[in-house]
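In case you want the letters, here they are:
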Amino acid sequence: MIRFSHASKRYPGGYDALQDINFHLAPGEMAFLTGHSGAGKSTLLKLIALIERASRGQVIVNGQNLAKIPRRKIPYHRRNVGMIFQDHQLLFDRTVFDNVALPLVISGLSHHEIGKKVRASLDKVGLLNKERAYPITLSGGEQQRVGIARAVVNKPPLLLADEPTGNLDPELSREIMSIFEQFSQVGVTVLIASHDIDLITHLPYRVLTLKNARLSNDSGSHSSQTAGQY
Amino acid sequence: MGNWLHTYLLRHLQVFFYSLGQLTRSPLSLLMTSAVIGIALALPTGLHIILKNMQNISGDLDSAAQISLFLKKSTSDAQAQQLIQQLKGMPQIKKINYISREQALQEFKRLSGFGNALKALEKNPLPAVIVVQPSLSQSNALSNTAATQQLLEQLQNKPYVDIAQLDMQWVKRLYTIMDIIRRGVIILSALLALAVLLVIGNTIRLAIQNRRDEIVIIKLIGGTDTFIRRPFLYTGFWYGLFGGLIALLLVMTSLLLLSDPIEALTQSYESRFSMQIIDFNSTVWLIGGSILLGLSGSWVAVERHLREIEPT
Ligand SMILES: Nc1ncnc2c1ncn2[C@@H]1O[C@H](COP(=O)(O)OP(=O)(O)OP(=O)(O)O)[C@@H](O)[C@H]1O
Ligand SMILES: [Mg+2]
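Enquirer: So what's going on with the overall build of chain B? Residues and values would help.
Expert: For chain B, the helix and strand inventory stands at ten helices and four strands. Mapped from its N terminus to its C terminus, chain B presents α and β elements in the order α-α-β-α-β-α-α-β-α-β-α-α-α-α. Across the 312 residues that make up chain B, the buried fraction comes to 42%.

Enquirer: Run through the layout of surface pockets, naming residues and quoting values.
Expert: Considered as a void within the structure, the largest pocket measures approximately 860 Å³ in volume. Taken together, 33 residues line the largest pocket, and the ones lying closest to its centre are Arg 94, Asp 98 and Val 105 of chain A together with Gln 14 and Tyr 18 of chain B. Sorting the residues of the lining of the largest pocket by element identifies α3 (96–107) and α4 (111–124) of chain A together with α1 (2–24), α8 (212–220) and α9 (225–267) of chain B as the ones contributing at least two each. Top element by residues in the lining of the largest pocket is α1 of chain B. It accounts for nine residues.

Enquirer: Quick one: what's the story with the interface of chain B and chain A, residue by residue and with numbers?
Expert: Contact with chain B, which involves 20 residues of that partner, is made by 22 residues of chain A. Buried area between chain B and chain A, summed over both chains or domains, comes out near 2000 Å², and the portion from carbon and sulfur atoms is 59%. Together, Ile 217, Leu 220 and Ile 221 of chain B form the three largest contributors to the area buried by chain B at its contact with chain A, with a combined 32%. Our count for the chain B to chain A interface comes out at three salt bridges. Between Arg 71 of chain A and Glu 310 of chain B there is a salt bridge; the shortest N-O distance is 2.8 Å.

Enquirer: Tell me about the domain arrangement of chain B, residues and numbers included.
Expert: In terms of domains, chain B is made up of domain 1 (12–59 + 174–306) and domain 2 (66–167). Computed over C-alpha atoms only, the centres of domain 1 of chain B and domain 2 of chain B are separated by 53 Å.

Enquirer: Requested: an account of the confidence of the model for chain B, with residues and values cited.
Expert: Here chain B shows a mean pLDDT of 84. Residues at 70 or above account for 88%. At the level of chain-chain contacts, confidence expressed as ipTM amounts to 0.90, with global pTM at 0.76.

Enquirer: Provide a residue-level description of the environment of Arg 94 of chain A, including the pertinent values.
Expert: With respect to the helices and strands, Arg 94 of chain A occurs in the loop between β6 (81–84) and α3. Given a relative accessible area of 15%, Arg 94 of chain A falls into the buried group. As for Arg 94 of chain A and Ala 133 of chain A, which are separated by 39 residues in sequence, their C-alpha atoms are 8.7 Å apart. Setting aside residues up to four positions removed in sequence, Arg 94 of chain A forms contacts with Asn 99, Leu 102, Tyr 134 and Pro 135 of chain A together with Tyr 18, Arg 211 and Glu 214 of chain B.

Enquirer: Account for the site of ligand 1, with residues named and values stated.
Expert: All names here are of chain A. Among the 13 residues in the neighbourhood of ligand 1, the closest are listed as Ser 37, Gly 38, Lys 41, Ser 42 and Thr 43. Note that a nitrogen atom of ligand 1 is positioned 3.4 Å from one of the side-chain N or O atoms of Tyr 11. Side-chain polar atom of Lys 41 to an oxygen atom of ligand 1: 2.7 Å apart, as the coordinates give it. Its free accessible area being 630 Å², ligand 1 has 65% of it covered by the protein chains. In terms of residues, the shell around ligand 1 owes the most to one element, helix α1 (residues 41–48), which gives three residues. Residues belonging to the shell around ligand 1 are distributed by class as follows: four nonpolar, seven polar and two charged.

Enquirer: An account of the side chain of Asn 99 of chain A is requested, with residue identities and associated values reported.
Expert: Mapped onto the elements of the fold, Asn 99 of chain A is located in helix α3. Overall, Asn 99 of chain A belongs to the buried group, its relative accessible area being 0%.

Enquirer: Kindly report on the sheet that holds strand β1 (residues 2–10) of chain A, identifying the contributing residues and their values.
Expert: Whenever strands of a sheet pair, they do so through backbone hydrogen bonds, lying parallel or antiparallel. All names here are of chain A. Strand order in the open sheet formed by four strands is β2-β1-β4-β5, and the pairing between neighbours is antiparallel. Looking at which strands have only one partner, the edges of the open sheet turn out to be β2 (16–25) and β5 (64–65). Here strand β4 (residues 56–61) pairs with β5 via two bridges, running antiparallel. By the bridge assignment, Ile 60 is partnered in β5 with Asn 65.

Enquirer: Lay out unusual backbone geometry with the relevant residues and their values.
Expert: Negative phi values dominate among residues other than glycine, just as trans dominates among peptide bonds. Phi at Asp 20 of chain A takes a positive value of approximately 50°, unusual for a residue other than glycine. Within the secondary structure layout, Asp 20 of chain A lies in strand β2. With a phi angle near 70°, Tyr 160 of chain B is a residue other than glycine that sits in the positive phi range.

Enquirer: An account of the pattern of salt bridges is needed here, citing residue identities and associated values.
Expert: Residues and elements named next belong to chain A. The full count for this structure, using the stated rule, is 16 salt bridges over all chains. Among the salt bridges present, the one from Arg 145 reaches Glu 175, with a minimum N-O distance of 3.7 Å. In this pair, Arg 145 sits in helix α5 (residues 140–152) while Glu 175 sits in helix α6 (residues 170–185), placing the two residues 30 residues apart along the sequence. Residue Arg 145 is classed as buried on the basis of its relative accessible area, which comes to 13%. For Glu 175, a relative accessible area of 35% puts it in the partly exposed group.

Enquirer: An account of a nonpolar patch on the surface is needed here, citing residue identities and associated values.
Expert: On the surface, Trp 4, Leu 5, Tyr 8 and Leu 9 of chain B cluster together to form a nonpolar patch covering roughly 410 Å² of accessible area. Locating Leu 9 of chain B in the fold gives a position in helix α1.

Enquirer: Tell me about a positive patch on the surface, and please be specific about residues and values.
Expert: A surface patch of positive charge is lined by Lys 116, Lys 117, Lys 124 and Lys 155 of chain A. With respect to the helices and strands, the residue Lys 124 of chain A is situated in helix α4.

Enquirer: Give me empty space enclosed by the protein: which residues, what numbers.
Expert: A full pass over the atoms with the stated rule returns two cavities of 30 Å³ or more. Taken as a whole, the largest cavity holds about 90 Å³ of empty space. In this structure, the largest cavity is lined by Arg 78, Arg 79, Val 81, Gly 82, Met 83, Pro 103, Arg 150, Ala 151, Asn 154 and Pro 156 of chain A together with Leu 220 and Ile 221 of chain B. Elements with a contribution of two residues or more to the lining of the largest cavity: β6 and α5 of chain A. Among the elements that take part in the lining of the largest cavity, β6 of chain A stands out by supplying three residues, more than any other. Mapping the lining of the largest cavity onto the domain boundaries places at least three of its residues in each of domain 1 (2–80 + 156–229) and domain 2 (89–155) of chain A. Considered as a void within the structure, the second largest cavity measures approximately 40 Å³ in volume.

Procedures and definitions
Residues numbered from 1 in each chain as written. Chains lettered and ligands numbered in written order. Predicted model: local features only at pLDDT ≥ 70, side-chain atom pairs only at ≥ 80, totals over all residues. Heavy atoms only, no water. Helix = DSSP H or I, 4+ residues; strand = E, 2+ residues; numbered from the N terminus. Buried < 20%, exposed > 50% of the residue type's maximum accessible area, 1.4 Å probe, protein only. 1 Å grid on protein atoms, 1.4 Å probe; cavity = no way out; pocket = protein on both sides within 12 Å on 5 of 7 lines; lining within 4 Å. Points joined across faces, edges and corners; volume = space filled by probe spheres on them. Contact = heavy atoms within 4.5 Å. Buried area = accessible area lost by both parts, 1.4 Å probe. Salt bridge = Lys/Arg side-chain N within 4 Å of Asp/Glu carboxyl O. Domains from an automatic or database assignment. pLDDT = per-residue confidence, 0-100. Near = heavy atom within 4 Å. Polar contact = N/O pair within 3.5 Å; in protein donor to acceptor, adjacent residues only side chain to side chain. Areas by Shrake-Rupley, 256 points an atom, 1.4 Å probe, with all protein chains shown as cover. Nonpolar A, V, L, I, M, F, W, Y, C, P; charged D, E, K, R; others polar. Pairing = 2+ DSSP bridges. Patch = residues over 30% accessible without salt bridge, like charges linked within 9 Å, V, L, I, M, F, W, Y side chains within 5 Å. Lys, Arg positive; Asp, Glu negative; His and termini not counted. Charge placed at Lys NZ, Arg CZ, Asp CG, Glu CD.

Encoded structure:
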C-alpha cells in the first residue's frame, strides 16, 4: 500500500528531515510511527499525502509513484488518503454534520447519499447524537473523533493519523486506538505517528522508529520481506 | 447521466445561494461595497444616456435647419413677393421669413456697429434674403435630412435666387462637441470599470484571507481549485449584480430629477423631444456588464491568491 524506497526530504533551507527511508506497508496493515520530537514523523506522513514532495528516492502509494502526480491531480490523490490531525483541523463555523460531510460534498455526492454516509461515519465514532453541535462545544476527544469520522467518511483505503492522541488522557487514547483497530480489521491500511511509547508498546502492532531523520528500527520486518510482491 | 447533471446543477445552486447567505451575514459591508460599485457605474451610464438623448435632440435640429435664399441684387421687392407666393404653395415649406435689402441693412447696422462706415457707401451692398423653414415629417430624422437636401436643390434653381444656403454650421459644431463627449465617456467608462475590477478584486482578496484556514482544510481533504474557487466567483457575481442594481437606481433617480427642467428647456426650441430615462438595452448592458466585472474581478483575485494558500 505504501512503499518508501531511498526516500529523502530536504526542506528549503537545507535541513534534512528524512534521509534514505525504506519500508513497505501492506494493504490492511496497521503500524505506528514513532521517534523523538523533530525526528521526521510528520514529514513522513506529509510525503504520503503529497503535502510535501520527496527530494530524492521514491514514494509509492496504492501502486502510484507520487512524483508522477501533477499539482492539479493532488486533490484526487488526497481523497484516497484519510488524514487525521493533532489539531483536528475542523471548520468551527459549521456543524459536526457539515464538517464530516465536507469530503463527500467535495466529491460531488448527492444530498441523500451524503446524509446516509455521514450518519454511518458518526455512528462508528459514537457521535451520532452530536451531529447538530458545533465543534467548539465539544471536548478534545470528541473533536478528535469528528476528525476521524471525516477522514473515514468516504472509505479511503489508507488512513494516516498524526499524534491523534496528543493531549488526551490514557483512557480516551485507548478508545481512539480501538477505533483505528476496527478500521484496520475491515481492510484499511493505518499508519499512526505517535510518541506515546506506553500506549504503542502495549499494542500488538508493527512499530517504525525514526531517529535523526533515519529509520532506526522496524519491528515488523515480515512485511519488509514480502515487500517485493506488492 | 441525467442524474449526474442534476446533482451537478444542484451543487452549483447550493453554492450560489450559500455565497449569497454568507454575504447577507454582514449586510453593511455588502451594501457599502455594492454602493461603491454602483456609484462608479452610474456615472458613465448616466452620461451615456444623456448623450443618447442629445443625439435625439440634434436629430430633430438637423432636419429643422433653415435655408437662406440670397436674392440677386437686381430683384425688386415686387419680384421677391412673387417668389414668396410661389414658395408658399410648396408643401415642403413650413414657414417663410422675408428680409428686404433695407431691413438687412438696418439689422446689420444695429448688430455690427459699422453704421458710419456703411454710410460712406453709396449703394446698399446687402442682398435681400428669404429664410425658409422646411416642414418636418413627424417620424424620421434621417429622411428629413434627405428631404431638406432635396428642397435646397429645388430652391437653388428658382428665379431671382442667387445663392441657396443650408444653415448647418452649428449642427456640425454640435456633432463635434458630442463626439468629444462620447470619447470622454468611453475613457471614463474604461477607467471606472477598472476601478470596479480593483474594488471587487480587493474585496475578494480579503474574503480569501479571512477564510484561509477553511481553504487549507478543504485542500487537505482533497478539494480541487475549481471547488474552492466557486464560492468566491459567485460572491463576485453577487457584488456585480447588487452594484449594477444600485447603479440603475441612481441613474434612474438622477435622470428623473433632471428630466423636468430639460424638457422645459427643449420645449422653448419647439422640439418634440421628451426625455428618455433608460431603455431596456442599456439596462441589460449595465447589469450584464456589472456582473461580468464582478466575475472577472473575483477570478483575477482567486487566481492570484489561491495558489499561495497551501497546507504545510
Ligand atoms: N516546512 C519546513 N521547513 C523547514 N524545516 C521543517 C519544515 N517542517 C519541518 N521542518 C523540520 O524538519 C524536522 C522534522 O520535522 P517533523 O515535523 O517531521 O518532526 P516530528 O517528528 O513530527 O516532530 P514532533 O514529534 O515534534 O511533531 C524538524 O527539525 C523541523 O524543524
Ligand atoms: Mg509532528
